[in-house]
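Letter by letter, the chains look like this.
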Amino acid sequence: MTQGHTLNKASQAIVPVAETIGITKRYGGIVALSDANLKILPREVVAIVGDNGAGKSTFVKILSGAQAATEGSLKVGGRDITFHRPSDARDAGIETVYQDLSLAEDLDVLSNLFMGREECYFNFGGLSVLNRPKMIRRAKQLLGEIGVNVPGVHDTVKGLSGGQRQGVAIARAAGWGSQLIIMDEPTAALGVQETAHVHEIIRTLQSRGVAVLLVSHNMKQVMELSTRVYVFRRGRIVAELTTAQTSTDEIIGYITGARG
Amino acid sequence: MNAPSVASTHHTPWQGLGTFLLPKNPAAVVQRIMLFLLVTSVIILCIVNPTFRNPSNLLNIVQQASMIGVVACGMQLMIISGGFDLSVGANAAASGCLAAAVSLSFGVPAGIIAALCLGTLIGASNGVMVAKAGINPFVATFGLQAIIIGALQALTQGRPIAPLPKEWRELGFFNIGGLTFSSIVFIAVVTLLTLMLRHTQFGQHIYAVGSNKVGTSRAGVNVDRVLIATYAIGGLTAAIAGVLLTSIAGVGSPQAGTTWALLAIAAVVIGGTPLTGGVGGISSAVIGIFGLTVLSNAMTLYSISAFWQPAFMGASVLLAVGYEALRRTRRA
Ligand SMILES: Nc1ncnc2c1ncn2[C@@H]1O[C@H](COP(=O)(O)OP(=O)(O)OP(=O)(O)O)[C@@H](O)[C@H]1O
Ligand SMILES: [Mg+2]
């Protein structure tokens, strides 16, 4: 790894929430990602930056279980693990907020928050009867804790603003005792105020002990929120920087290839 | 601030009444308009036409609505899931004939069970083609329909299956206070499917799959299983209607059901459910099927040629779809 700031001894003793070792992904002849080594420590906000096609989304898909790596391995909480599908990653405490949010827009906030994890009065496969009062209580508590403002849990997602939708998607990821939340471009489609609101939500998550992996093109956001930055270029991690010890110029230098 | 889907629940009775009368969701508005038109036309017809308000005619309307109504309820589920099934009529014919044929040697109950199994199997096959193979619902269900009709004609030589055990007639004539066996079955299907759609996890997932398939799968829902189960239930309702037809007709009719799929889809659409998926309720199918039945009953009473009926049905579908589309584009 060129020019990477080495982690000090103390942080190496901490077990990373998640760690990738030598992840490589090939699509036929195309090498989308090559030998990616990355670790996320508890409570960290780790940013991934890089130009279009650098391999960021490919990396995220592998870590979220949506795709299998061609080579390399994953560790979660210090243990080797293989993901075959997104639910494997979720069972390991890794939740993903996709760039398109993946919400069911015709359904209300409540249904989206509990999608695939509905609370039921009793368990009888698909015919389990929904316990809506319990879900409503938990939903209000969750939205309140994370600071997501929606008019009501019975509103359809279609009628919400972009920031509110993002909030619902993040709340859905945060509500299950997850260790790590991956966010792919969480504010790309948002205005200034809504972006600020999402930043607040991310800080709240961090203070609750959740680690965040943030894919972003927004340098201001990266400088404001992250503790460390990994720069991807043409499928390789070309730099691993500590945010407090770097600058926007240095990061951009690595992204464009002017450095490293 | 309240824009509930047709499926969502309300907090207080007053708020509930408010959103019921004036929903923000364009699809729900279409449904209220259709319900209003249906109720007013029934009231007007009752006032002006003594034959219409005759209890036997009213019960007759319920009876006529029941058989295809059962199919429409199943269609409703498939449309909410983002698809539809063009093979329900062929399925009903095949299941009805199987019920008749099996009853000849093994009795009526065995016949009915065999029919329901066949119908569910046909529905599940549609679901597998749509979910696992990713075949477009139009192509998958149209193709299976052709196969079923071909096989059925070949096996029966196109001839009705008769004479049948007398229990079929007893079933056909059975009624409680004028409410026939078909109507009772229809009411049961409506009640069960409404409860399932509103209160079970599976019901919730049908909406989710219809609204966003990829997102729902990412949330950990087994989308394929939801789709296969939905089409299987659609097939089951078709088979139920096939059994009802056999009980009413007293014979197994291989030629039956050719218009049922389109009638059922039309009922759902007229009842205010768009074909885009993710929204709607069993109420749509019920309102739609009664709308169509009352329309055809009134046309018969006023001796308007039956040839006009498809034209009126088409016009109603276009009005419902057109209004909903217009509202949606204005909002966007
Ligand atoms: N399914 C695929 N099949 C073939 N090539 C792919 C596939 N997905 C990604 N790639 C290629 O892999 C490389 C990395 O893509 P990736 O989507 O990870 O980039 P990215 O860093 O997320 O870019 P962006 O900022 O534009 O989102 C690109 O060259 C892309 O064309
Ligand atoms: Mg990307």
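Per chain, the residues get numbers from 1 upward, laid out in the order the sequence is written. Labels follow written order: the first chain is A, the first ligand is 1, and so on. Reporting of local features is limited, given that this is a predicted model, to residues whose pLDDT is at least 70; pairs of side-chain atoms are given and counted only at 80 or more, and all residues count toward the totals for whole chains, interfaces and linings. Derived side-chain values reflect all non-hydrogen atoms in the structure, with water molecules and hydrogen atoms excluded from consideration.

Caption draft 1: Structural detail: the overall build of chain B. In terms of regular secondary structure, chain B is built from 15 helices and two strands. Taking 332 residues into account, the globule formula puts the C-alpha radius of gyration at 20 Å, and chain B, at 20 Å, falls close to it. If one aligns the C-alpha atoms of chain B with their principal axes, the spans along those axes are about 60 × 55 × 35 Å. Taken over 332 residues, chain B has a buried fraction of 52%. By definition, residues are in contact when any of their heavy atoms lie within 4.5 Å. Of all intrachain contacts in chain B linking residues separated by at least 6 positions in sequence, the fraction that spans at least 24 positions is 75%. To be clear on the numbers: accessible area is Shrake-Rupley with a 1.4 Å probe, and residue cover counts the displayed protein chains and nothing else. Only carbon and sulfur atoms are counted for the fraction: they give 72% of the accessible area of chain B, which is about 14600 Å². Just so you know, the count uses Lys and Arg for positive and Asp and Glu for negative, and it drops His and the chain ends. By convention, the charge on Lys lies at NZ, on Arg at CZ, on Asp at CG and on Glu at CD. Within chain B, one finds 15 positive and 5 negative side-chain charges whose respective centroids are separated by 14 Å. Helix and strand definitions follow DSSP, with helices as H or I runs of at least four residues and strands as E runs of at least two, each counted in order from the N terminus. A radius of gyration in this sense is built from C-alpha atoms; the matching globule rule multiplies 2.2 Å by the number of residues raised to 0.38. Only protein chains enter the calculation, and the probe is 1.4 Å; a residue is then buried if its accessible area is under 20% of its type maximum, exposed if over 50%, and partly exposed in between.

Caption draft 2: The arrangement of the overall build of chain A in detail. Counting its regular elements, chain A contains nine helices and ten strands. Relative to its length of 260 residues, chain A is compact, with a C-alpha radius of gyration of 19 Å against a globular reference of 18 Å. The principal-axis extents of the C-alpha atoms in chain A amount to approximately 55 × 40 × 40 Å. Relative to its full complement of 260 residues, chain A shows a buried share of 56%. In chain A, once contacts between residues fewer than 6 apart in sequence are set aside, the share between residues at least 24 apart is 65%. In the form shown here, chain A has an accessible surface area of approximately 11300 Å², with 49% of it arising from carbon and sulfur atoms. The distance from the centre of the 28 positive side-chain charges to the centre of the 25 negative ones in chain A is 3 Å.

Caption draft 3: Fine view of the pairing of strand E9 (residues 228-233) of chain A. Residue and element names in this part refer to chain A. For E9, the tally of buried residues reaches six of six residues, placing the bulk of the element in the interior. The two faces of E9 match: Arg 228, Tyr 230 and Phe 232 on one face and Val 229, Val 231 and Arg 233 on the other face are all buried. In terms of strand pairing, strand E3 (residues 45-50) meets E9 through five bridges, oriented parallel. From the neighbouring strand, Val 46 faces E9, where its bridge partner is Arg 228. Two strands make a pair as long as DSSP finds a minimum of two bridges between them.

Caption draft 4: The arrangement of unusual backbone geometry in detail. Here Ala162(B) and Pro163(B) are connected by a cis peptide whose omega angle stands at -5 degrees. Here Pro163(B) lies in the loop between helix H7 (137-156) and helix H8 (167-173).

Caption draft 5: The arrangement of the site of ligand 1 in detail. All names here are of chain A. A cutoff of 4 Å decides nearness: a residue is near a molecule or strand if any of its heavy atoms lies inside that distance of it. The full set of residues close to ligand 1 is Tyr 27, Ile 30, Ala 32, Asp 51, Asn 52, Gly 53, Ala 54, Gly 55, Lys 56, Ser 57, Thr 58 and His 217. The term polar contact refers here to a pair of N or O atoms within 3.5 Å; inside protein, the definition further demands a hydrogen-donor-capable atom paired with an acceptor-capable atom, and it admits residues adjacent in sequence only when both atoms are side-chain atoms. Note that an oxygen atom of ligand 1 is positioned 3.1 Å from one of the backbone N or O atoms of Ala 54. Between Thr 58 and ligand 1, the recorded distance is 2.5 Å, taken from a side-chain N or O atom to an oxygen atom. Protein chains shield 62% of the accessible area of ligand 1, which is 640 Å² for the free molecule. Taken together, the residues of the shell around ligand 1 sort by class into four nonpolar, six polar and two charged. Amino acids outside the nonpolar list (Ala, Val, Leu, Ile, Met, Phe, Trp, Tyr, Cys, Pro) and the charged list (Asp, Glu, Lys, Arg) are all regarded as polar, and Gly is one of them.

Caption draft 6: Seen up close, the nonpolar core. As used in this record, nonpolar core signifies buried Ala, Val, Leu, Ile, Met, Phe, Trp, Tyr and Cys residues forming a set joined through side-chain atoms within 4.5 Å. Judged by nonpolar contacts, the single largest core of 73 residues is most densely connected at Cys73(B), Met75(B), Leu193(B) and Trp260(B). For this core, the element with the highest residue contribution is helix H4 (residues 55-80) of chain B, accounting for 13 residues. Counting 37 residues, the second-largest nonpolar core is a separate cluster that includes Leu113(A), Ala139(A), Ile170(A) and Val210(A).

Caption draft 7: Inspection of the sheet that holds strand E2 (residues 30-40) of chain A at higher detail. Residues and elements named next belong to chain A. In space, the four strands of this open sheet follow the order E2-E1-E4-E5, with antiparallel pairing throughout. The sheet terminates laterally at E2 and strand E5 (79-81), the two strands that pair on one side only. The mean inter-strand angle of the sheet, taken between neighbouring strand axes irrespective of direction, is 30 degrees. The sheet contact formed by strand E1 (residues 18-27) and strand E4 (residues 71-76) spans five bridges and is antiparallel. Within E4, the residue paired with Glu 19 across the bridge is Lys 75. Note on geometry: axes are C-alpha line fits, over the in-contact stretch for helices, and angles between N-to-C directions span 0 to 180 degrees.

Caption draft 8: Structural context of the packing of H4(B) against helix H12 (residues 223-249) of chain B. All names here are of chain B. One can describe the packing of H4 onto H12 by two numbers: an axis separation of 7 Å at closest approach and a directional angle of 170 degrees. Between H4 and H12, the crossing angle belongs to the class labelled roughly antiparallel. Here Gln 63, Met 67, Val 70, Val 71, Gly 74, Leu 77 and Met 78 of H4 lie close against H12, whose contacting residues are Thr 230, Tyr 231, Ile 233, Gly 234, Thr 237, Ala 238, Ile 240, Ala 241, Leu 244, Leu 245 and Ile 248. Residue composition of the contact of H4 with H12, grouped by class: 13 nonpolar, five polar and no charged. Angles are sorted into four bins: roughly parallel if under 35 degrees, roughly antiparallel if over 145, roughly perpendicular if 65 to 115, and oblique for all others.

Caption draft 9: Structural view of a nonpolar patch on the surface. Residues and elements named next belong to chain B. The residues that make up patches have over 30% relative accessible area and no salt bridge, and they are joined within 9 Å when like-charged or within 5 Å when they are Val, Leu, Ile, Met, Phe, Trp or Tyr. Here a salt bridge means any side-chain nitrogen of Lys or Arg lying within 4 Å of a carboxyl oxygen belonging to Asp or Glu. A cluster of nonpolar residues, Val 39, Ile 43, Ile 44, Ile 47, Val 48, Tyr 302, Ile 304, Trp 308 and Phe 312, forms a patch on the protein surface that exposes about 890 Å² of accessible area. The greatest single-element share of the nonpolar patch, amounting to five residues, is contributed by helix H2 (residues 26-48). As for its position among the elements, Val 39 is in helix H2. Exposure remark for Val 39: the relative accessible area of 43% places this residue in the partly exposed category.

Caption draft 10: How the structure looks around the packing of aromatic side chains. Aromatic pairs are defined between Phe, Tyr and Trp rings, using the six-membered ring for Trp, whenever the two ring centres lie within 6.5 Å; interplanar angles under 30 degrees are classed as stacked, those over 60 as edge-to-face, and all others as tilted. Applying the stated rule across the entire model yields four aromatic pairs over all chains. Ring centres of Phe59(A) and Phe232(A) lie 5.6 Å apart, and the angle between their planes is 70 degrees; this geometry places the pair in the edge-to-face category. Of this pair, Phe59(A) sits in helix H2 (residues 56-63) while Phe232(A) sits in strand E9, placing them 173 residues apart in sequence. When its relative accessible area of 1% is taken as the criterion, Phe59(A) is described as buried. Judged by its relative accessible area of 0%, Phe232(A) is buried. Taking 5.6 Å as the distance between ring centres and 85 degrees as the angle between the ring planes, the aromatic pair formed by Phe114(A) and Trp176(A) counts as edge-to-face. Here Trp176(A) lies in the loop between helix H6 (162-174) and strand E7 (180-184) and Phe114(A) lies in the loop between helix H4 (109-113) and helix H5 (132-146), a separation of 62 residues in the sequence. In this structure Trp176(A) comes out as partly exposed when scored by relative accessible area, which is 24%. A cation sits over an aromatic face here: Arg218(B) above Tyr98(A), 3.9 Å from the ring centre. Here, a charge over a ring is recorded when the distance from Lys NZ or Arg CZ to the ring centre is within 6 Å and its angle to the ring normal is within 35 degrees.

Caption draft 11: Highlighting the confidence of the model for chain B. Residues and elements named next belong to chain B. Confidence in the prediction for chain B averages 90 pLDDT; 93% of positions are at 70 or higher. Confidence scores differ between elements of chain B, with helix H1 (residues 13-21) showing the lowest mean pLDDT of 68 and helix H6 (residues 108-131) the highest of 98. A residue's pLDDT is simply how confident the predictor is in it, with values from 0 to 100. Between residues 1-10, whose pLDDT stays under 50, and residues either more than four places distant or in other chains, the model counts 31 contacts. Prediction confidence for the complex, expressed as pTM and ipTM, is 0.89 and 0.86 respectively.

Caption draft 12: Layout of the interface of chain A and chain B. Contacts between the two partners involve 27 residues from chain A and, on the opposite side, 29 residues from chain B. Interface area lost by chain A to chain B is led by Asp106(A), Arg132(A) and His154(A), which between them contribute 22%. Across the contact surface, chain A and chain B share one salt bridge. Ionic pairing is found between Asp100(A) and Arg218(B), a salt bridge with its closest N-O pair at 3.2 Å. Here chain A and chain B share 15 residue pairs in polar contact (both at pLDDT 80 or more) between them. Looking at the side of chain A that touches chain B, its residues break down into ten nonpolar, eight polar and nine charged. When two parts are put together, the accessible area they lose, computed with a 1.4 Å probe and summed over both, is reported as buried area.

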